[in-house]
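# Examining the three-dimensional arrangement
Residues per chain are reported as follows:
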Amino acid sequence: MIASDLATAVSRLRDLIDDASVIVPFTGAGISTECGIPDFRSPGGLWTKNQPIPFDAFLASQEMRDEAWRRRFAMEDNYVRARPGRGHQALARLYHAGKSPALITQNIDNLHQASGISPSDVVELHGNTTYAVCLDCAKRYELSWVREKFEGGQRAPDCSCGGYIKTATVSFGQAMPPEAMQRAEELTKRCDLFLAVGSSLVVWPAAGFPLMAKRNGAALVIVNREPTEFDEVADLVVRNDIGDALGPFIAH
Ligand SMILES: [Zn+2]
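Presented here is a report on the structure given in the accompanying data block.

Criteria and cut-off values
Residues numbered from 1 in each chain as written. Predicted model: local features only at pLDDT ≥ 70, side-chain atom pairs only at ≥ 80, totals over all residues. Heavy atoms only, no water. Helix = DSSP H or I, 4+ residues; strand = E, 2+ residues; numbered from the N terminus. Rg over C-alpha atoms; globule rule 2.2 N^0.38 Å. Contact = heavy atoms within 4.5 Å. Phe/Tyr/Trp six-rings, centres within 6.5 Å; stacked < 30°, edge-to-face > 60°. Buried < 20%, exposed > 50% of the residue type's maximum accessible area, 1.4 Å probe, protein only. Lys NZ or Arg CZ within 6 Å of the ring centre and 35° of its normal. Axes fitted to C-alpha atoms, helices over the stretch in contact; angles between N-to-C directions. Parallel < 35°, antiparallel > 145°, perpendicular 65-115°, else oblique. Left-handed = near helix turned anticlockwise from the far one by under 90°. Nonpolar A, V, L, I, M, F, W, Y, C, P; charged D, E, K, R; others polar. Donors = N, O, S within 2.8 Å, 3.2 Å for Na, K, Ca; no water. Tetrahedral: all angles 85-135°; square planar, octahedral: opposite > 155°, others 65-115°. 1 Å grid on protein atoms, 1.4 Å probe; cavity = no way out; pocket = protein on both sides within 12 Å on 5 of 7 lines; lining within 4 Å. Points joined across faces, edges and corners; volume = space filled by probe spheres on them. Pairing = 2+ DSSP bridges. Arc of directions from axis to C-beta.

## Quick word on the overall build of the protein chain
On a plain count of helices and strands, the protein chain comes out with 11 helices and nine strands. Computed over the C-alpha atoms, the radius of gyration of the protein chain is 19 Å, within 12% of the 18 Å expected from 2.2 N^0.38 for a compact globule of 252 residues. Its C-alpha atoms give the protein chain principal-axis dimensions of roughly 55 × 30 × 30 Å. Taking the contacts inside the protein chain whose residues are at least 6 apart along the sequence as the reference set, 67% of them involve residues at least 24 apart.

## Some words on the packing of aromatic side chains
Throughout the structure, instances matching the rule amount to five aromatic pairs. Pairing phenylalanine 26 with phenylalanine 194 gives two aromatic rings, centres 5.8 Å apart and planes at 35°, and the pair type is tilted. Here phenylalanine 26, found in strand β1 (residues 23–27), pairs with phenylalanine 194, found in strand β7 (residues 193–197); they are 168 residues apart in sequence, far enough to count as distant. Pair check on accessibility: phenylalanine 26 and phenylalanine 194 agree, each one buried. Three or more aromatic residues link up through ring pairs in this structure, and these residues are Phe26, Phe194 and Phe209. One Lys or Arg, arginine 65, reaches over the ring of tyrosine 164 and ends 3.6 Å from the middle of that ring.

## What about the packing of helix α4 (residues 62–74) against helix α8 (residues 143–153)?
Two packed helices can be described by the angle between their axes and the distance between those axes. It is at 11 Å that the axes of α4 and α8 come closest, and there the two elements cross at 120°. Comparing their axes, α8 and α4 come out oblique. For the pair α4 and α8, the sense of crossing is left-handed. Here α4 contributes Asp66, Trp69, Arg70, Arg72 and Phe73 to the contact with α8, which in turn contributes Leu143, Val146, Arg147 and Phe150. Considering only residue class, the contact of α4 with α8 consists of five nonpolar, no polar and four charged.

## A few points about the coordination of the zinc ion
Think of it this way: four donors in a tetrahedron around the metal ideally sit 109.5 degrees apart, and six in an octahedron ideally sit 90 or 180 degrees apart. The protein atoms donating to the zinc ion are Cys134 (SG), Cys137 (SG), Cys159 (SG) and Cys161 (SG), with metal-donor distances spanning 2.3 Å. Its four donor atoms give the zinc ion angles of 103 to 119° at the centre, a pattern that matches the tetrahedral case. Taken in chain order, the donor set of the zinc ion reads C-x2-C-x21-C-x1-C. On the basis of relative accessible area, cysteine 159 is assigned to the buried category, the value being 6%. Relative accessible area serves as the criterion here: at 43%, cysteine 161 is assigned to the partly exposed category.

## Observations regarding empty space enclosed by the protein
Considering all chains together, one arrives at one cavity of 30 Å³ or more under this definition. As a volume, the largest cavity reaches approximately 30 Å³. Lining the largest cavity are Ile17, Ala90, Leu91, Leu94, Leu195, Leu246 and Phe249. If you tally residues by element for the lining of the largest cavity, the top one is helix α6 (residues 86–96), at three residues. The class makeup of the residues in the lining of the largest cavity is seven nonpolar, no polar and no charged.

## Structural notes on the sheet that holds strand β8 (residues 219–223)
The six strands are arranged β3-β2-β1-β7-β8-β9 in an open sheet whose pairing can be described as parallel. Edge positions in the sheet fall to β3 (122–124) and β9 (236–238), since each of these pairs with one other strand and no more. Strand-to-strand twist across the sheet, computed as the mean angle between neighbouring axes with direction ignored, equals 15°. Strand direction decides the pairing type here: β7 and β8, joined by five bridges, are parallel. By the bridge assignment, alanine 196 is partnered in β8 with isoleucine 222. Those strands touched by helix α1 (residues 6–19) are β1, β7, β8 and β9, and its axis lies near 135° from that of β9.

## Comments concerning the sheet that holds strand β5 (residues 140–141)
Paired through backbone hydrogen bonds, the strands of a sheet run either parallel or antiparallel to each other. The strand order across the open sheet formed by three strands is β5-β4-β6, and the pairing between neighbours is antiparallel. With partners counted over all chains shown, the strands left at the sheet margins are β5 and β6 (165–169), one partner each. Across the sheet, α4 lies against β4 (127–134) and β6, angled at about 50° from β6, the strand it touches most. Packing of α8 onto the sheet brings it into contact with β4, β5 and β6, and relative to β4 it is tilted by some 65°.

## A short note on α8
One full turn of an α-helix is made of 3.6 residues, so residues set three or four places apart face in the same direction. Of all the residues in α8, the buried ones are Leu143, Val146 and Phe150. Projected down its long axis, α8 shows its buried positions confined to an angular sector of 60°, all on one face. Opposite the buried face of α8, by more than 90 degrees, sit the exposed residues Ser144, Glu148 and Gly152. If you follow the buried residues of α8, they end up packed against α4, α5 (76–81), β4, β5 and β6. At the exit of α8 stands glutamine 154, carrying a positive phi of roughly 60°.

What follows is the structure, encoded as structure tokens:
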């Protein structure tokens, strides 16, 4: 059912949360827009102005690696200033109450970790943009270090092993992280309430999880401003503002 208004949405969601013993939240860009992180794919989003740089292009040329880092540093103020929103806080509350063992996210902004969920319980399908790694030896680099080198020489620095350094995100054309994918699948099959928040559920692998949860007997809740393909099979669809809908769950 699609909640007719905010009060109905909150009341129905409260019942479903109370009845559930294992809740697995699955989050997308919509949960972070109130925190100042733009939704790259939305109309007017960054990707409609700047085509994303595919992984093979990043590997193929220094110019593309330089451009990728230039774009990333242009976004740095958004990421540094962002604080967890009401949606993040509500999900952190479920986690600390023992209702939710872990959370799956498509987001790369580190805001779930910032809200108090242990990094080991945030399953990141698309990686994390708040630090960088060497693509060859997996050594971790902080962005401040990369930026200093970049601005000193106006080019993206390489690792001491000779490998390319990239934000720890999954680019188009880059393999999904197998461990995260496996853990997301296990969590989805284990839950009795799958709570999709702020994801259009279009991009693979996001599209596969809601049905996987339903087939395993879980209830499905979709909180998203726009309609999704799975609204018809969902037990509850909430199209209100995410912060408004989840805000009441921060306290209890
Ligand atoms: Zn390396």
